[in-house]
Structures are given as structure tokens and as C-alpha cells.
Amino acid sequence: MAHEALAQAFTQHFGNAPTVKVSAPGRVNLIGEHTDYNEGFVLPCALQFKTLIVAKPREDTIINAFSLQYPEAIEQFDIAEPINPGLYPWGDYLRGVVKELMDAGAPLTGMDIAISSDVPQGSGLSSSAALEVAVGGLFNFSCNLGLTGAQIARTGQLAENNFIDCQCGIMDQLISAEAQFHSALLIDCMDLSTRAVAIPDDLALLVINSNYPRKLADSDYNERRLACEQAAKVMGKSSLRHATLDELNAVKKELSDTVFRRAKHVITENDRVLQAANALAQNELDRLYAIMHEAHLSLKYDFEITVPATDGLVDICMNALAGKGACRQTGGGFGGAVICLCAKHDVQRVINAVNNEYEPRFKLHPDIMLCEPHQGLCVGLF
Ligand code: GAF
């Protein structure tokens, strides 16, 4: 859907035309999983799937919003009143971002808002971060808040942490806010500095959603975060970013085997991200593929966030590629999607293998998406 079609729906609903248009993308992470909340490194890129908003500021303090994906669920709340969770899960991302901005003292006005998104939901491609960043970008632009992309991202992350109760890091929001065309972004989650790393034209990004039902994913996620914090504390570090493998080995006896392996994943993953970014920048794809494979094994055996369905997808893709590509669990895990990198001319081989083998083995239908690295948040007037 384009902004123009969404504008028509807006006009039909509110009786006048929108003045502002916003888009914010979903993302896939090439490498660097569960490192962001440990102040580590990540290498995501934004996708062609986006959340679109069209809106018009109001002169009062009322927010009215509807989403084309949930036509029966009309959101309405007053920013002059305390903002609490509402009736609709999607609306809570809007409420959460608005509340964070209000709590930070931002001079917001009321707003009429129409939303549409083609970011697949529940597949680990960050549809919620795209919505948060789109909402943050909308108010930043319309109310002249002067926020940077990183500040908009932080607002979205705080909304997740404080309003939605998912203790996520900042990767998804930051890539949605700051991504650049044709590139992945190496992000240092300690100081939020970024470096664009161009993705070669002939490298395909295949994202395959396992459609495995993600039960308890948020509580498992929060538990992983606590284990990392515990390991850092035992080493006397403010975060695992500041720890080395030698330092971790030195306290091994004071940690449970599980906590030890969680920390080992994070410490080694940080190193892999930096190596992978260099390999990508130098077009050394075989090296990149090898690092990605190691990263998957670390998630499978040490961080334990993969499931048989995503491990199965990785095996199917790796076998189809016979060393000429890589595939790994991407995102928070416990289901979700895998990312497969290979030459564009090998894509069909992978698609055929997944179509033939995955569903009979796991009784789940895979969604296969050929993705393109896109740019981040865009906001402007009609
Ligand atoms: C989810 C979270 F939202 C991110 O912050 C990140 O931790 C990711 O899981 C794992 O790398 O997408």
C-alpha cells in the first residue's frame, strides 16, 4: 500500500485530508543476537516491509487512531489524562510511545492517525519496532521535538520495556530509525554509533519464517537477559560488553552451567559481529558464511533460543547450498525466522529445498521472503 491509498482511508474516516506521512521499516538481523541489551554489537538491515502512517495534528489533546489491519479496533485516548494500556494490543505500542514522550516532557498535541503495515507479524521481523519508530517519527516531526534517530529509537525501546513489559534492547528500533539503502548497519549498542556496511548486489537475503508458535517468548527472552546480567555481576562488570572469555572462564565455578553458556554466547558473538562486518565490507563471503554458521551453533547450544523448526530450516538451507551460503536463526528466537545469505543465482535451489522438505518434516508452512535492504524512517508533508 502507498501513502496515497492510506490517505484516502484517512479522509473517509476523519472527513479531512492528512498532512503528514511517515514510513518505518521492519528489519532482519544478519548477525549479533542478544548482544544489544549487553551493550554489544549488532549488524541488522531494514527491509522493504514497512509501517506507514498518515496523520493530521489536532488542536486539542485527543489521539484518534485506526489501523487498516484491525479495522474494528478504533483507538482513542486523551494525552491530558494518565495513559494506561488500552483495549487493543496494537494500540498499546502507540500509547506506550506517546506516554514515554509525555513523561519526558515533550509538548505533544492531539493527532488523527491512520496506520497500515505490511511487516509480517509474529515472524521476528520487528513489526512492533516499526510501529513505535513510525509513531515517534510522527510526533517528532509534527511537534518539532528535534529528536535524533537514536532518541526516537530509545523512546520506542522504553515503550516496550515500560509499557509492554518486554525487556528488549535497542537494535530493532535503531535500525528502523537509521537504516540506509543497500546496507546493513554495524551498531555499537554501548554508544549507539553506527557504520553502514554495503551489501553486495549479487548477495541474496532470504528470510524464512518458521511459523512455529512462539509461546512464552517474552518471558524466555527476559530470562535470558537476567542470566546475562547475573554473569556480568559476578565478574564485576557493568555489562558483558566489558568481559572477555578469559574473565568468564575465571569465574566459571561461581556460575551455573546455564549462565556460563549464556555469557559465553554473548562474549563470542560480539567478536563474530565485528569479524562479519569486516568480511562483508571486504566481500569475503565464504568467511562471512562460516562466521554466521558458528553464530547459529552458539544460539543453538549455548544461548538455547532456537527450536527444532528453525534448526531444521537451517539444516535444509545449508544442505541445499552445500557450503555456498549460510543460514542462521535471526531475531529473539523461540521460533520466528531464519536468515539465509547466498548468491542470487542459488536462491531458487534454497526455495525448492524449503518448499519440498520443511512442511512434511515439521507440519508447518514456511513463509519465504526475498528481501532487500531498505532505508529507515522517512517523515514528510503531503
Ligand atoms: C528481539 C529484541 F527486540 C532485540 O532487542 C534483540 O535483543 C533481539 O531480539 C535478539 O538479538 O528482536
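Quick caveat: nothing in here was measured; it's all calculated off a predicted structure. Starting from 1, residues in each chain are numbered consecutively following that chain's sequence as written. In keeping with the predicted nature of the model, local features appear solely for residues at pLDDT of at least 70, side-chain atom pairs appear and are counted solely at 80 or more, and the whole-chain, interface and lining totals rest on all residues.

Peer 1: Explain the overall build of the protein chain to me, using residue names and the numbers behind them.
Peer 2: A run of DSSP states H or I qualifies as a helix once it reaches four residues; a run of E qualifies as a strand once it reaches two. Both are numbered from the N-terminal end. Each helix and strand in the protein chain was counted, giving 11 helices and 12 strands. Radius of gyration here uses only the C-alpha atoms, and the compact-globule reference equals 2.2 Å multiplied by the residue count raised to the power 0.38. Here the C-alpha atoms of the protein chain give a radius of gyration of 21 Å, agreeing with the 21 Å that 2.2 N^0.38 yields for 382 residues. Taking the principal axes of the C-alpha coordinates as reference, the protein chain spans close to 60 × 50 × 40 Å. Here a residue counts as buried when 20 or more other C-beta atoms sit within 10 Å of its C-beta, as exposed when there are 12 or fewer, and as partly exposed otherwise, the C-beta atoms being derived from the backbone. Out of the 382 residues belonging to the protein chain, those deemed buried represent 51%. Taking contacts inside the protein chain between residues at least 6 apart in sequence as the whole, the part at least 24 apart equals 70%. Contacts are defined on C-beta atoms placed from the backbone: any two residues whose C-beta positions lie within 7 Å are in contact.

Peer 1: Run through the UniProt feature "domain: GHMP kinase N-terminal" (unreviewed entry) in the protein chain, naming residues and quoting values.
Peer 2: UniProt positions are given in the numbering used here, feature names are shortened, and annotations may be inferred rather than shown by experiment. UniProt's feature table lists "domain: GHMP kinase N-terminal" (unreviewed entry) at residues 93-177, given in the numbering used throughout. Across residues 93-177, the secondary structure splits into 59% helix and 8% strand, with the terminal C-alpha atoms separated by 16 Å.

Peer 1: I'd love a proper account of the environment of Asp271, names of residues and values included.
Peer 2: Tracing the backbone shows Asp271 in helix 8 (residues 257-281). With 15 residues separating them along the chain, Asp271 and Asp286 place their C-alpha atoms 17 Å apart.

Peer 1: I'd like a rundown of the nonpolar core, residues and numbers included.
Peer 2: As used throughout, a nonpolar core is a set of buried Ala, Val, Leu, Ile, Met, Phe, Trp, Tyr and Cys residues joined through C-beta atoms within 7 Å of each other. By size, the foremost hydrophobic cluster in this structure holds 101 residues, and its most contacted members are Ala276, Leu313, Cys317, Ile339 and Cys340. Sort the elements by how many residues they give to this core and strand 2 (residues 41-57) lands first, with 11 residues. With residues near it in sequence (within four places) discarded, Cys340 still touches Leu206, Ile208, Cys317, Gly325, Cys327 and Val350.

Peer 1: Which residues make up the UniProt feature "domain: GHMP kinase C-terminal" (unreviewed entry) in the protein chain, and what are the values?
Peer 2: UniProt's feature table lists "domain: GHMP kinase C-terminal" (unreviewed entry) at residues 279-359, given in the numbering used throughout. Between the end C-alpha atoms of residues 279-359 the distance is 34 Å, and the span holds 60% helix and 15% strand.

Peer 1: Provide a residue-level description of the packing of helix 3 (residues 127-142) against helix 4 (residues 149-164), including the pertinent values.
Peer 2: Lines fitted to the C-alpha atoms define the axes, with helices restricted to the stretch that makes contact. Angles between their N-to-C directions range from 0 to 180 degrees. As a packed pair, helix 3 and helix 4 sit with axes 9 Å apart at the nearest point and diverge in direction by 125°. Relative to helix 4, the element helix 3 lies oblique. For helix 3 against helix 4, the interelement crossing comes out right-handed. Across the interface between the two elements, Ala129, Glu132, Val133, Gly136, Gly137 and Asn140 of helix 3 pack against Ile152, Ala153, Thr155, Gly156 and Ala159 of helix 4. Working definition: roughly parallel below 35 degrees, roughly antiparallel above 145 degrees, roughly perpendicular at 65 to 115 degrees, and oblique for all remaining angles. Rotating anticlockwise by less than a right angle from the far helix to the near helix defines a left-handed crossing, while the corresponding clockwise rotation defines a right-handed one.

Peer 1: Any details on the site of the ligand? Residues and values, ideally.
Peer 2: Around the ligand, the neighbouring residues are Asn29, Glu33, His34, Asp36, Tyr37, Cys168, Gly169, Met171, Asp172, Gly331 and Gly332. As a working rule, the residues Ala, Val, Leu, Ile, Met, Phe, Trp, Tyr, Cys and Pro are called nonpolar, Asp, Glu, Lys and Arg charged, and the rest polar, with Gly in that last group. Taken together, the residues of the shell around the ligand break down into 3 nonpolar, 5 polar and 3 charged. Whether a residue is near a molecule or strand depends on its C-beta atom, generated from backbone atoms, being within 6 Å of that molecule or strand.

Peer 1: Summarise the domain arrangement of the protein chain; cite the residues concerned and give the values.
Peer 2: Segmenting the protein chain into domains produces domain 1 (3-199 + 374-381) and domain 2 (203-371). Boundaries between domains were set according to an automatic or database domain assignment. Domain 1 and domain 2 are separated by 26 Å when their C-alpha centres are compared. With 29 residues of domain 1 in contact, the opposing surface of domain 2 contributes 37 residues. Ranked by the residues each element gives to the side of domain 1 that touches domain 2, the list is headed by strand 2, at 5 residues. In the side of domain 1 that touches domain 2, the residues fall into 16 nonpolar, 11 polar and 2 charged.

Peer 1: How would you explain the environment of Ala65 if you had to name every residue and give the values?
Peer 2: Mapped onto the secondary structure, Ala65 falls in strand 3 (residues 62-67). Separated by 26 residues in sequence, Ala65 and Gly91 have C-alpha atoms that sit 8.2 Å apart. Filtering out sequence-adjacent residues up to four positions away, Ala65 remains in contact with Glu75, Gly91, Leu94, Ile113 and Ile115.

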